[in-house]
Protein chains: 2
Amino acid sequence: MNGLVDARLIKLSQHVDADSDGLLVVTEAGEHVPFHQIQRMFTIVAPAGAKRGRHAHRLCSQFMLCVSGAVDVVCDDGRERTTFSLDHPGLALFVPPGLWLEIDARQNESVLIVLCDRLYEEHDYIRNYAEFLSFRKAPRA
Amino acid sequence: MNGLVDARLIKLSQHVDADSDGLLVVTEAGEHVPFHQIQRMFTIVAPAGAKRGRHAHRLCSQFMLCVSGAVDVVCDDGRERTTFSLDHPGLALFVPPGLWLEIDARQNESVLIVLCDRLYEEHDYIRNYAEFLSFRKAPRA
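Model, not experiment: these values are computed from the prediction. (Residues numbered from 1 in each chain as written. Chains lettered and ligands numbered in written order. Predicted model: local features only at pLDDT ≥ 70, side-chain atom pairs only at ≥ 80, totals over all residues. Heavy atoms only, no water.)

Focus: the interface of chain B and chain A
1) Next: Counting residues at the interface gives 34 residues for chain B and 34 residues for chain A.
2) Next: In total, chain B and chain A occlude about 2,800 Å² of area from one another, counting both sides; carbon and sulfur atoms represent 50% of this.
3) Next: Per-residue buried area on chain B facing chain A is highest for Asp 21, Met 41 and Arg 52 of chain B; these three make up 21% of the total on that side.
4) Next: Applying the counting criterion to the chain B and chain A interface returns two salt bridges.
5) Next: Between Arg 40 of chain A and Glu 28 of chain B there is a salt bridge whose closest N-O contact spans 3.9 Å.
6) Next: Counting every contact that joins chain B to chain A gives 12 residue pairs in polar contact (both at pLDDT 80 or more).
7) Next: At the level of secondary structure, the elements contributing two or more residues to the side of chain B that touches chain A comprise strand 3 (23-28), strand 4 (40-46), strand 5 (51-57), strand 6 (62-68) and strand 11 (110-116) of chain B.
8) Next: A total of seven residues in the side of chain B that touches chain A trace back to one element, the largest contributor, which is strand 4 of chain B.
9) Next: Looking at the side of chain B that touches chain A, its residues break down into 20 nonpolar, seven polar and seven charged. (Contact = heavy atoms within 4.5 Å. Buried area = accessible area lost by both parts, 1.4 Å probe. Salt bridge = Lys/Arg side-chain N within 4 Å of Asp/Glu carboxyl O. Polar contact = N/O pair within 3.5 Å; in protein donor to acceptor, adjacent residues only side chain to side chain. Helix = DSSP H or I, 4+ residues; strand = E, 2+ residues; numbered from the N terminus. Nonpolar A, V, L, I, M, F, W, Y, C, P; charged D, E, K, R; others polar.)

A look at the confidence of the model for chain A
1) Next: Put simply, chain A has an average pLDDT of 92, and 96% of its residues get 70 or more.
2) Next: Model confidence for the complex is summarised by a pTM of 0.93, with the ipTM given as 0.90. (pLDDT = per-residue confidence, 0-100.)

Regarding the pairing of strand 9 (residues 91-95) of chain B
Residues and elements named next belong to chain B.
1) Next: Among the five residues of strand 9, five are classified as buried, and the element is accordingly described as predominantly covered.
2) Next: Where burial is concerned, the two faces of strand 9 agree: the one with Leu 91, Leu 93 and Val 95 and the one with Ala 92 and Phe 94 are both buried.
3) Next: In the sheet, strand 1 (residues 8-11) pairs with strand 9 via four bridges, with the strands oriented antiparallel. Directly across from Lys 11, in strand 9, lies its bridge partner Leu 91. (Buried < 20%, exposed > 50% of the residue type's maximum accessible area, 1.4 Å probe, protein only. Pairing = 2+ DSSP bridges.)

So, the sheet that holds strand 9 of chain B
1) Next: Taken together, the seven strands give an open sheet; going across it, the order is 2(A)-3(A)-4(B)-11(B)-6(B)-9(B)-1(B), and neighbouring strands pair in antiparallel fashion. Bordering the open sheet on either side are strand 2 (13-16) of chain A together with strand 1 of chain B, each of which pairs with just one other strand. The average angle at which neighbouring strand axes cross in this sheet is 25°, direction not considered.
2) Next: Direction of pairing for strand 6 of chain B relative to strand 9 of chain B: antiparallel, over a ladder of four bridges. Opposite Met 64 of chain B, over in strand 9 of chain B, you have Leu 93 of chain B as the bridge partner. (Axes fitted to C-alpha atoms, helices over the stretch in contact; angles between N-to-C directions.)

Overview of the pairing of strand 5 (residues 51-57) of chain A
All names here are of chain A.
1) Next: Examined bridge by bridge, strand 5 and strand 10 (residues 100-105) share five bridges and lie antiparallel to one another. Among the inter-strand pairings, Gly 53 is bridged to a residue of strand 10, identified as Glu 102.
2) Next: Relative to strand 12 (residues 125-126), strand 5 runs antiparallel, the two being bridged by two bridges. Of the residues in strand 12, the one forming a bridge with Ala 56 is Ile 126.

Here's the deal with the relation of the copies chain B and chain A
1) Next: With an RMSD of 0.0 Å, the operation that places chain B on chain A is a rotation of 180° combined with a shift of 0.0 Å along the axis. Here the symmetry operator amounts to a two-fold rotation axis. Closest approach to the rotation axis within chain B is made by the C-alpha atom of Ile 38 of chain B, at a distance of 2.6 Å. (Least-squares fit on C-alpha atoms with pLDDT ≥ 70 in both.)

Focus on unusual backbone geometry
1) Next: Here the phi dihedral of Glu 109 of chain A falls at roughly 60°; this positive angle occurs in a residue that is not glycine.
2) Next: By secondary structure assignment, the location of Glu 109 of chain A is in the loop between strand 10 and strand 11 (110-116).

Section: helix 1 (residues 129-137) of chain A
All names here are of chain A.
1) Next: Looking only at helix 1, the buried set comprises Phe 132, Phe 135 and Arg 136. Each buried residue of helix 1 lies within a common arc of 95° when the element is viewed along its axis, so the set occupies one face. Structural note: helix 1 exposes Ala 130 and Lys 137 on the side pointing more than 90 degrees away from its buried face.
2) Next: Those residues of helix 1 that are buried lie in contact with strand 5, strand 7 (71-76), strand 10 and strand 12. (Arc of directions from axis to C-beta.)

Quick word on the sheet that holds strand 5 of chain A
All names here are of chain A.
1) Next: With respect to topology, five strands assemble into an open sheet ordered 8-7-10-5-12, the strand pairing being antiparallel. What marks the edges here is a single partner per strand, and that holds for strand 8 (81-86) and strand 12.
2) Next: Bridging between strand 7 and strand 10 involves six bridges; their strand directions are antiparallel. For Asp 76, the partnering residue across the bridge sits in strand 10 and is Trp 100.

Take a look at the structure:
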């Protein structure tokens, strides 16, 4: 089972246009994104103080980047928690399955992009923290 | 070869949180995204007035959404042009290969997300408009 040590920050390729035409950030499956299949993307646009997440995935890996504003992502393995600050478009966070996640928006109009290696499957979500703790403690085959 | 009629707007699933915790927009490969393999994602954060794009792809399909601010996307098949306004997070634009693209940011801090069905390949880009016109006119096998 994945632990906190398996969640990690990844630097992305950034290209600032010489004509001030903005910032380009690039991510490729199997390159910056640790998984080879990007099956789903979701985007959260959140006001400062918004709290999202509060669930774990049994199987789904996630790759997160905050391209505007700033968010804190709390990863929890049932014993410890680590907070990753995504406050720059050039920084991404890989979150393997099996960790409880909480997302706190730090600025208004914060834009979080999440790439996933699986399509939406409701049974992949653990939305209750007590259930998550049981899931972490259960013996694995 | 794809024409302007093959570029099309697609409505996305939006979920507004009852607790005002922001807006969630979801896209899945093979569902809203017309291609099954998302190989690459890039994000542009641009100031008002910024102009991006100005190239065509020989093979790469693109799926674009603007989750903050607003951008106009001009699609050109060498004979005609159509402008698509992406001014809402719930609206995406599918752009098949073979069309010349120009992107104009309409608001500051406009955030455009582009999903691609191919990894970066420099030889897939046509960056010169005269060359693009020749490409459009060339007989196909």
